[in-house]
Amino acid sequence: MTISAETRDQLRELAARYPKSRSALLPMLHLVQSVDDEVTSEGINVCAEILGITSAEVTAVATFYTMYKRKPVGKHHIGVCTNTLCGLLGGDAVYSALSERLGIGHNEPSADGQFWLEHIECQAACTHAPVMTVDWEYMDDVTPASAVAVVDRLARGEQVESTRGPVIRDFQATEHTLAFPLDGLVNDGVAVDAKMLVGLRLANERGMSAASIPAGDA
Amino acid sequence: MAELPQAVRGFGVTFATIFKKVVTEQYPEQAAKFPPKPRYHGRHQLNRWADGLEKCIGCELCAWACPADAIFVQGADNQEGDRHSPGERYGRVYQINYLRCIFCGLCIEACPTRALTMTNEFELADNNRADLIYEKQDLLTPLLPGMLAPPHEMVPGTTDTDYYANKITGAVPEQAVQVDAEQVAP
Amino acid sequence: MTITSDAGSDLTPQVEMVTVVVDGVAIEIPKGTLVIRAAELLGIEIPRFCDHPLLEPVAACRMCLVDIEGVPKPQPACAQVVSEGMQVRTQLTSPVARDAQEGVMEFLLLNHPLDCPVCDKGGECPLQNQAMTAGRPESRFDEVKRTFPKPINVSAQILLDRERCVSCARCTRFAEQIAGDPMLELLERGANQQVGTAVDQPFDSYFSGNTVQICPVGALTSAAYRFRSRPFDLVSVPTTCEHCASGCSLRTDHRRGTVTRRLAWDEPAVNEEWNCDKGRFAFTYQEQGRVTTPLIREDGQLRVASWPEALDFAARGLSAASSHGVLVGGRSTVEDSYAYARFARVALKTDNIDFRVRDSSDEEAQFLRSAVAGTAVRTTYETLEQAPVVLLIAFEPEDESPIVFLRLRKAARGGTRVYAVGPVATRGLAKLSGTLIPAKPGAEPAVLAELAEQVRAELQAPGAVIMVGERIAGIQGGATAVLQLAQATGAALTWVPRRAGERGALDAGALAGLLPGGRPLTEDSARAAVAAAWGVDSLPATVGLAGAELLAAARDGAIGALITGGVELGDLADQSLGRAGLEAAGFVVALENHHSAITELADVVFPVAVVTEKAGTFMNWEGRPRPFAQTFKDALVMSDAVVLGMLAKAMNIAVGASDVAGIRQELGALGAWTGPRAERPNVPAGPVAEGAHLVATWRALIDNGVMQEGEPYLAATAHLVAATVSATTAGALGNPESVTVTGPLGSVTVPLEIGAVIDGVVCLPLNSPGCVLYRDLGVRSGQAVTIKGAL
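What counts and how
Residues numbered from 1 in each chain as written. Chains lettered and ligands numbered in written order. Predicted model: local features only at pLDDT ≥ 70, side-chain atom pairs only at ≥ 80, totals over all residues. Pairing = 2+ DSSP bridges. Helix = DSSP H or I, 4+ residues; strand = E, 2+ residues; numbered from the N terminus. Axes fitted to C-alpha atoms, helices over the stretch in contact; angles between N-to-C directions. Parallel < 35°, antiparallel > 145°, perpendicular 65-115°, else oblique. Left-handed = near helix turned anticlockwise from the far one by under 90°. Contact = placed C-beta atoms within 7 Å. Nonpolar A, V, L, I, M, F, W, Y, C, P; charged D, E, K, R; others polar. Domains from an automatic or database assignment.

**With respect to the sheet that holds strand β2 (residues 25-30) of chain C**
Residue and element names in this part refer to chain C.
Item 1. With respect to topology, 5 strands assemble into an open sheet ordered β2-β1-β5-β3-β4, the strand pairing being mixed. In this open sheet, the two edge strands, each paired with only one partner strand, are β2 and β4 (75-76).
Item 2. Strand direction decides the pairing type here: strand β1 (residues 17-22) and strand β5 (residues 87-89), joined by 2 bridges, are parallel. In the sheet register, Val22 faces β5, and the bridge partner there is Val88.

In structure tokens:
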């Protein structure tokens, strides 16, 4: 694949947003993933050229962060949180079920190029554990069966919605949003629900508050 | 009793000795009469793995250990198609100067791959200095049955670790093909 | 460690001192010093891997953990600055520090392979040593180690064994902070973290060899030294690099009469702890293609001769000729150049001598006589580092004097502004964050004359430096314009030749019109003093022929005999003139260490020593003598000076000392000249050539140079040989992949690159594989060529 002139312009637009252009590297790599489905060597070279840094420096960033893939991801990225809380509440079982359903392991694409499975770290959604993500959209409170059902529906090409509302598009579309977050989708779906606020409510009812910071102890 | 003259008494000793057991070894005619003990420090030898690859990795630890500065080693890189030992490195030049060697065996202790051991061979004499510097080909053990003369690749599917763990039992036909091909090529 | 300058110490602000206690011993040191340095000053060694005094602290390896009172956890001494009253306890007095260090060492060794017997670092490895001093005797790790395929090439020369890496980031920090080539980076994360390059983009830095030297484990090794020897085999001798005028301190390691490797040696005032890859790896030439015996020409054929026979033959040939000339290649030591200078004036009674057997001009000779030879040292590496502004003219430091480049880069990182006058904003200039003052080749004098007022004002600041390269000789009016600019602004002017011997040869008097110490030949008192020192009644009083004039005279049959010392015909822009000159000269005596085009033309050839076989001195661009000792003490090859001494003896002429000590004494007794200097050049600027494409060219650091022969790994790290043009020029050519460049002698086809070149100029390497301009095209810098897109 080649990075088109249009994509180059968009990359330049991102680079121009920051006082130090290399700050733009992370969204630029997301943009590369949105067009190439992975961070290609060509994409790395183009980013390096636009930012005036070396390809090695871009490679260092692209290999450090796990959200950047050096192999084509496929249509959908499936992540299952297997950190302590999600794992104990069924995340490990969800992951195993998906792994069996798709026939792939951690950070592998499925044979048909439709799915990519990944153990992911905490998504800050422990309220709804176990949590799975599809193209980085939340699927809260999943079970092995519901997770496999989501994958089955995606495989059939049916429309699937996140448990918080937004319609699942595909990996590349999400990557584009990550590069250009101001595409109007930011307020789609539920950001905070009642379950997340249970703790706050209980604390308020019982007059609980955090200990104040002692003076002079920074 | 009158004392016998001193000279005659001397002959008495001679006469008595005639009937004693002879300790002199008739070397070299009767060399086998008193073979060296098994732990005798004799000439060195450079050993091979079961498939014929050399154990020496050219690390020079023997040379480092040598108190007499009798050993000279020059390492080299095993190349594709020119492999002499498992792993990356082999001893391209290996010399022991038997004019200097004191047969202390510190080199044997230093060898990390048991490439260097000592034989019981003690007949190390010559009429010139040059021939007493033994080269690698003089020190390498002969090829035993099942061994192939290097250079050849490792047993397919194995790594140097397998060699060091002594998992190699002998050369395989694939290696024989390589050796044959090399013999034909030049 | 870098020693700070004491020059201008009264200008340095008062340093605030603090008192810290390390292991119960108090020391007063400047605020901001690192704890590890404070400990060093007390003689307390804290183990470390990532710490390097010339690199910024990173605290990556965690080996130097120490216990600081009042801080709950052990802190890395290499990143912690001292504060008043700080109580530091190292592993020597604190069980906490000892335990922390042992723990770190155990972690570092978890995945480290047991490669020591086959590792090139074995025997001089900080990890080996510190595992002994600061590690636990036994590891508790009995799992399977992480492995990587080994080794991989990060460049043709540099090999990387990732299993051995302890992720100290010394190599990547060197690449970024010192060399400015961040092509080596830490990739991946966590347990998979590894050093690496971008795909298909090798670490082709001119300074890559330094990473091998500073790697505290055997992770980075060089292909050239791979498995060649062990540290305990080697005899190490300090020496000076013979490749360029930077004058680096090196350590030559040899085994059984063969150089096995060379390392950068610590010389804070010159190369700090660095050198370039050419200086490090290009030494195999010393053994190949050597002239081993005297040769004399008989019936048109060279034949082996004995020394007495050859000396006698040469003496008769030289005595028979009525006019002489001496050509000294730019690679001689000061002592050898002095011997040539003295031999020419005393034995041959001629002033026809020149060390510039390359593109040279009369204007340059005048410039050198008047403003460079024998002048007091004004600009040094240190003053360069402190200069507010540096202007570069006809000089590409990264290629032509790489350690000057490194120091300029250090200066630029500290705020020095760098300007370059020329047609190309090179990669090197970009790394210096420099600004190009555009000038077509040949138009530099005009541009200098009309320099922007702001730059001119900057150059008037105290400490400003103008650096001019030897390529100024190829620009008519260039030296005149530079001198005028220096005079007008008060900036320090310094001349940076390319070769190691040129600056010394100039001071030794190996140039027509110039006697040792910068004495003008035309000054009666100078001549009388030198004549007295040399024990002769008089010296030639008229300025002799130099440069192209000398060769032209030889071609026209006006020179009866020539002596050449280390001359390469390929250095001459007009090679046919050089060849014709040597062919037409009645008698040619060549002092050479290698067979070359010169030995093919000579009547007598004497073998002479290379740097490892003799002692001597190179004078670097600063004017700083860089003496070196003989590496191979039992070498039987004689230096040029000794051979010239024997030759003089065969001619029945006394020329004085020919041993190094004797020559140094003679030179020292003469001293520098303080009297009136030769007149400055006053040459008007020449016209800029007509033509759509003018050539801008210089020699790449790694190229076809004869002293880089026999080192294929080094050659493979050379920069791409290409024709570089501006985007506009490339567009006008139709953006072809490669182009055919044609000059009067022929053409070359090279890839086309787009770069920061001014329109109408094509930048080509002067002497690189597939592109030898003087030989293949017959053009020099500033001349016009035609370019066509290649099919």
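**With respect to the packing of helix α19 (residues 547-555) of chain C against helix α20 (residues 575-584) of chain C**
Residue and element names in this part refer to chain C.
Item 1. It is at 7 Å that the axes of α19 and α20 come closest, and there the two elements cross at 50 degrees. Considering their axes alone, α19 and α20 lie oblique with respect to each other. Crossing handedness for the pair α19 and α20: left-handed. Contacts between α19 and α20 involve Ala548, Leu551, Ala552, Ala554 and Arg555 from the former and Leu577, Gly578, Ala580, Gly581, Leu582 and Ala584 from the latter.
Item 2. Classifying every residue of the contact of α19 with α20 gives 8 nonpolar, 2 polar and 1 charged.

**Focus on the sheet that holds strand β4 (residues 132-134) of chain A**
Residue and element names in this part refer to chain A.
Item 1. Taken in spatial order, the 5 strands of this open sheet run β2-β3-β1-β4-β5, and their pairing is mixed. In this open sheet, the two strands that pair with only one neighbour each are β2 (108-109) and β5 (137-139).
Item 2. Two elements, β4 and β5, share 3 bridges in a ladder whose sense is antiparallel. Its bridge partner being in β5, Val134 is matched across the sheet by Glu137.
Item 3. Where helix α5 (residues 84-102) meets the sheet, its contacts fall on β1 (76-81), β3 (115-120) and β4, and the angle it forms with β1 comes to roughly 145 degrees.

**A look at the interface of chain B and chain C**
Item 1. Counting from both sides, the interface comprises 13 residues of chain B and, opposite them, 6 residues of chain C.
Item 2. Every element with two or more residues in the side of chain B that touches chain C is listed here: α2 (61-65) and β2 (71-77) of chain B.
Item 3. When residues in the side of chain B that touches chain C are grouped by element, the largest group, 3 residues, is from β2(B).
Item 4. Here the side of chain B that touches chain C is composed, by residue class, of 6 nonpolar, 3 polar and 4 charged.

**Some details on the domain arrangement of chain A**
Interfaces are often sized by the accessible area lost when the parts come together.
All names here are of chain A.
Item 1. Domain assignment breaks chain A into domain 1 (1-72 + 170-186) and domain 2 (76-169).
Item 2. Tallying the contact residues gives 7 residues for domain 1 and 8 residues for domain 2.
Item 3. Of the residues contributing to the side of domain 1 that touches domain 2, the split by class is 4 nonpolar, 1 polar and 2 charged.

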